[in-house]
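# Examination of the molecular architecture
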Amino acid sequence: MMKPLISPSLLSADFAHLGRDLEMLNASASDLMHIDVMDGVFVPNISLGFPVLKSIKKHSKKPLDVHLMIVQPEKFIRELQEIGVKYMTVHYEACVHLHRVVQQIREAGMSPGVAINPATPISMLKDILPEIDLALVMSVNPGFGGQAFIPHALQRVKELKELRLQTGSNALIEVDGGINLHTGAQMIEAGADILVAGSAIFSAPNPSQMIQEMKNL
Ligand code: DX5
Ligand code: ZN
């Protein structure tokens, strides 16, 4: 089996010592940098915006994996393109014209991703799956770090892996929410390619070592 890609979620970093935490991540075995953008409308929380994202980009050696938990994400394709993010992931539940948004993200030179909430059937991704580079299965309800893993997400990842095969898609399967060494191992077994982890990494005594341990799962 291929090693999983690890995308540490910066949401659990110390925002007053962001430079220090970015240096730790730059030197670690992580593959991507997961950044959660929240608007207080699509989810009941607000995280960070473009000025912060711009500074992160300047100091990050890892490609940016941006998870937008906002309404009307298509409004900000240009901003993310200019900052230079790799993956721009929008929520299925936030886009009426999802196919158009995905096309626009690709035209802007970024890799389109689609995230799906725990209550939305995986089958809803069937027709968009061949068009995207990443499918993000939420294993918590989005909005906060440190929430408990929803076990049913394992079944959903298996279903998505099957759907990927059926549709001939190459999309990477990313999982986000309550991922630690235990749930991460289960998710890889179910078919996840990318593990996002926030609190499990940043609350570990040695975050860099935790990333290495996840990488070795
Ligand atoms: C939640 C975010 C996650 C969050 C994960 O809405 O999408 O990326 O940071 O945090 P943990 O790993 O602590 O569940
Ligand atoms: Zn996220």
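Just so you know, these numbers come straight off a predicted model, no measurement behind them.

Near ligand 1 lie 20 residues; those nearest to it are Ser-9, Gly-143, Gly-146, Asp-176 and Ser-199. Note that an oxygen atom of ligand 1 is positioned 3.4 Å from one of the side-chain N or O atoms of His-34. His-67 places a polar side-chain atom, nitrogen or oxygen, 3.2 Å from an oxygen atom of ligand 1. Considered on its own, ligand 1 offers 380 Å² of accessible surface; in the complex 100% of this is hidden by protein. Under a 2 Å grid-point criterion requiring more than half of the atoms, the pocket assigned to ligand 1 is the largest pocket. The leading source of residues in the shell around ligand 1 is strand 2 (residues 33-38), at three residues. Taken together, the residues that form the shell around ligand 1 break down as eight nonpolar, ten polar and two charged.

Time to look at the pairing of strand 8 (residues 194-197). Side chains Ile-194 and Val-196 of strand 8 all project onto a buried face; the interleaved residues Leu-195 and Ala-197 project onto the opposite face, where all are buried too. Summarising the sheet, strand 1 (residues 5-8) and strand 8 pair through four bridges and their orientation is parallel. Of the residues in strand 8, the one forming a bridge with Ser-7 is Val-196. Note: strand 7 (residues 172-176) against strand 8, three bridges, orientation parallel. For Glu-174, the partnering residue across the bridge sits in strand 8 and is Ile-194. Each parallel crossover has a hand, and for strand 7 linked through helix 6 (residues 181-190) to strand 8 it is right-handed.

The rules behind these values
- Residues numbered from 1 in each chain as written.
- Chains lettered and ligands numbered in written order.
- Predicted model: local features only at pLDDT ≥ 70, side-chain atom pairs only at ≥ 80, totals over all residues.
- Heavy atoms only, no water.
- Near = heavy atom within 4 Å.
- Polar contact = N/O pair within 3.5 Å; in protein donor to acceptor, adjacent residues only side chain to side chain.
- Areas by Shrake-Rupley, 256 points an atom, 1.4 Å probe, with all protein chains shown as cover.
- 1 Å grid on protein atoms, 1.4 Å probe; cavity = no way out; pocket = protein on both sides within 12 Å on 5 of 7 lines; lining within 4 Å.
- Sits in = over half its atoms within 2 Å of the grid points.
- Helix = DSSP H or I, 4+ residues; strand = E, 2+ residues; numbered from the N terminus.
- Nonpolar A, V, L, I, M, F, W, Y, C, P; charged D, E, K, R; others polar.
- Buried < 20%, exposed > 50% of the residue type's maximum accessible area, 1.4 Å probe, protein only.
- Pairing = 2+ DSSP bridges.
- Right-handed = clockwise from strand over helix to strand, strands pointing away.

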